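Observations on the model geometry
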Amino acid sequence: MHDGKQVLDPACCPCPLPEDCPNGPKPIPAGCPNAPAPDGGTDGGGGMSSLCDGGACVSKPPDDDWMSVAFFSDWSDPPDCPPDTPILAFEGTPAPPPPTCGACSCDTPEGTCKPPATWTISSAPCSDPGGGVKTNFDPPTNWDGSCNQDKSFPLDVLCGGSPCVRSMTLDPPVIEEQPCEPHTSGDPLPPPPKYWPGGPETPLGRVCKSDQPWPTCVTQPGKVCGPLAEGYAACIFREGEHLCPEGWEDRHLLYAVINDDRTCSACTCDPPTGGVCQVKWHTFAGAACTAQNAELDIYAGMIPPCNDYMPGVALAGKSAELVAYTKGTCAPSGGDVVGTLSLDKPATVCCALATS
């Protein structure tokens, strides 16, 4: 009392004007008549009032189902619970994302276009494919298409009383291609930047609580002073999966148990398709593949063509030359996420930005 009036000790009023505390209000020492009490009053009892010093003014939890907590979430090892919220209430991790699978692709197949391997001479014309006497005119195995005279038909030689040579049917050329080599885009794939399920770099969420209620925020009626320790935020917590209340929109859904065996399926390649092989065959009446008497372009995959000759013509040799070969392609498959993810014992943490 001074001259009959109550005068407040200047130490109990560290911020008489707003400009005296540009960084926010300073704590009021215990013992001052206006010091906050543990329940948010001003009886100078101390208790949780230290939360206001460097803490965060946040809204009260919306109902009793939500618990006021200090929350840490990062890839690094979590620090111990803050002194004002020393009780570990929950630890968990967010649901891991699916593995990132690279796109699959296939190399162009290695292959060759082989000349016709089956040549059949008939004493019947092409219009009578089932009639006449059939005679083998095949080249040797692994023939390269050069002049071949291993088998020949002299002029007017007979087969069953008719000229042996009246028509010739031969199989089309054949594309022989090796399986394509599969690849994952960018392989060898770089290791993932973080490893989630159970590894040393799994992101961890730690929820800490106190057995005392948070005190009232003196500067903002209706709000409470939440902890703001290094790495921790003032949040609310509830077991199970829930939507966050208004004013607490920063949602973190954690799980105490995560079993994740998802991986990427291996890249594979379908057999090559779409190749083009064009060959021109020739037959000759003279020695050393001279006096050509027929030629025709044929393609891989076509119906075996038949070529008519004048009855009894001589066939002394044959050859085949590659006109064009375009390699096929292989369709890739794989690179899909396979396996399962199971999540259990969820908990919801909702945080809000501090207003002072």
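What this report covers is the structure whose coordinates are included nearby. Source: prediction; values computed, not measured.

**A short note on the overall build of the chain**
Counting secondary structure elements, the chain contains zero helices and 25 strands. Counting the 356 residues in the chain, one finds 33% classified as buried. Intrachain contacts of the chain at a sequence separation of at least 6 include 79% that bridge at least 24 residues. Only carbon and sulfur atoms are counted for the fraction: they give 54% of the accessible area of the chain, which is about 19,600 Å².

**Describing the side chain of Thr348**
In this fold, Thr348 is placed in strand β25 (residues 341-351). Look at Thr348 and you get buried, because its relative accessible area is 0%. Setting aside its immediate chain neighbours within four residues, Thr348 contacts Trp66, Ile236, Phe237, Arg238, Gly240, Glu241, His242, Cys244, Arg251, His252 and Leu253.

**Some remarks on the packing of aromatic side chains**
Overall, the coordinates contain six aromatic pairs when judged by the stated rule. Considering the side-chain rings of Trp119 and Phe137, the 6.3 Å spacing of their centres and the 80 degrees angle between planes classify their relative orientation as edge-to-face. Here Trp119 is found in strand β6 (residues 119-122), whereas its partner Phe137 is found in the loop between β7 (134-136) and β8 (158-159), with 18 residues between them in sequence. You can call Trp119 buried: its relative accessible area is 0%. Relative accessible area serves as the criterion here: at 0%, Phe137 is assigned to the buried category. Ring geometry for Trp119 versus Trp281: centroids 6.2 Å apart, planes at 75 degrees, classification edge-to-face. With a gap of 162 residues between them, Trp119 in strand β6 and Trp281 in strand β19 (residues 276-286) connect regions that are remote in the sequence. In this structure, Trp119 and Trp281 share a single accessibility class: buried. Linked through ring pairs, Trp119, Phe137, Trp143, Phe153 and Trp281 together constitute an aromatic cluster.

**Observations concerning the environment of Glu239**
Topologically, Glu239 is positioned in strand β15 (residues 233-239). Accessibility expressed as a relative area gives 59% for Glu239, which makes it exposed. Setting aside its immediate chain neighbours within four residues, Glu239 contacts Pro346 and Ala347.

**Let's talk about the pairing of strand β20 (residues 290-299)**
In the sheet, β19 pairs with β20 via eight bridges, with the strands oriented antiparallel. Considered in β20, the bridge of Gly286 is made with Thr290. Turn length for the β19-β20 hairpin, with the two strands adjacent in sequence and antiparallel, is three residues, and the turn residue Ala288 shows positive phi of about 60 degrees.

**Some points on the environment of Cys289**
Its place among the elements puts Cys289 in the loop between β19 and β20. A C-alpha to C-alpha distance of 6.5 Å links Cys289 and Lys318, two positions 29 residues apart in sequence. Those residues in contact with Cys289 that sit more than four places away from it in its chain are Cys147, Asn148, Gln149, Phe284, Gly317 and Lys318.

**A look at the state of the cysteines**
The full count for this structure, using the stated rule, is 11 disulfides. Residue Cys101 pairs covalently with Cys264 via a disulfide, S to S 2.1 Å. The disulfide joining Cys101 to Cys264 has a torsion of about -95 degrees about its S-S bond and is therefore left-handed. Taken together, the residues Cys101 in the loop between β3 (87-92) and β4 (104-106) and Cys264 in strand β17 (residues 263-264) connect sequence positions 163 residues apart.

**Some words on unusual backbone geometry**
One non-glycine residue, Asn142, lies in positive phi territory at about 60 degrees. By relative accessible area, which is 68% here, Asn142 ends up exposed. Although it is not a glycine, Lys345 adopts a positive phi angle of roughly 55 degrees. Mapping Lys345 onto the fold places it in strand β25.

**A short note on the nonpolar core**
Counting 20 residues, the largest nonpolar core has Met168, Trp281 and Tyr309 as the members making the most contacts within it. Elements with a minimum of two residues in this core: β6, β10 (167-170), β19 and β20. For this core, the element with the most residues is β19, which contributes three residues. In this view, Tyr309 contacts Val165, Arg166, Ser167, Met168, Trp281, Thr283, Asn293, Ala294 and Leu315; residues no more than four positions away in its chain are not counted.

Calculation criteria
Residues numbered from 1 in each chain as written. Predicted model: local features only at pLDDT ≥ 70, side-chain atom pairs only at ≥ 80, totals over all residues. Heavy atoms only, no water. Helix = DSSP H or I, 4+ residues; strand = E, 2+ residues; numbered from the N terminus. Buried < 20%, exposed > 50% of the residue type's maximum accessible area, 1.4 Å probe, protein only. Contact = heavy atoms within 4.5 Å. Areas by Shrake-Rupley, 256 points an atom, 1.4 Å probe, with all protein chains shown as cover. Phe/Tyr/Trp six-rings, centres within 6.5 Å; stacked < 30°, edge-to-face > 60°. Pairing = 2+ DSSP bridges. Disulfide = S-S within 2.5 Å. Core = buried A, V, L, I, M, F, W, Y, C linked by side-chain atoms within 4.5 Å.

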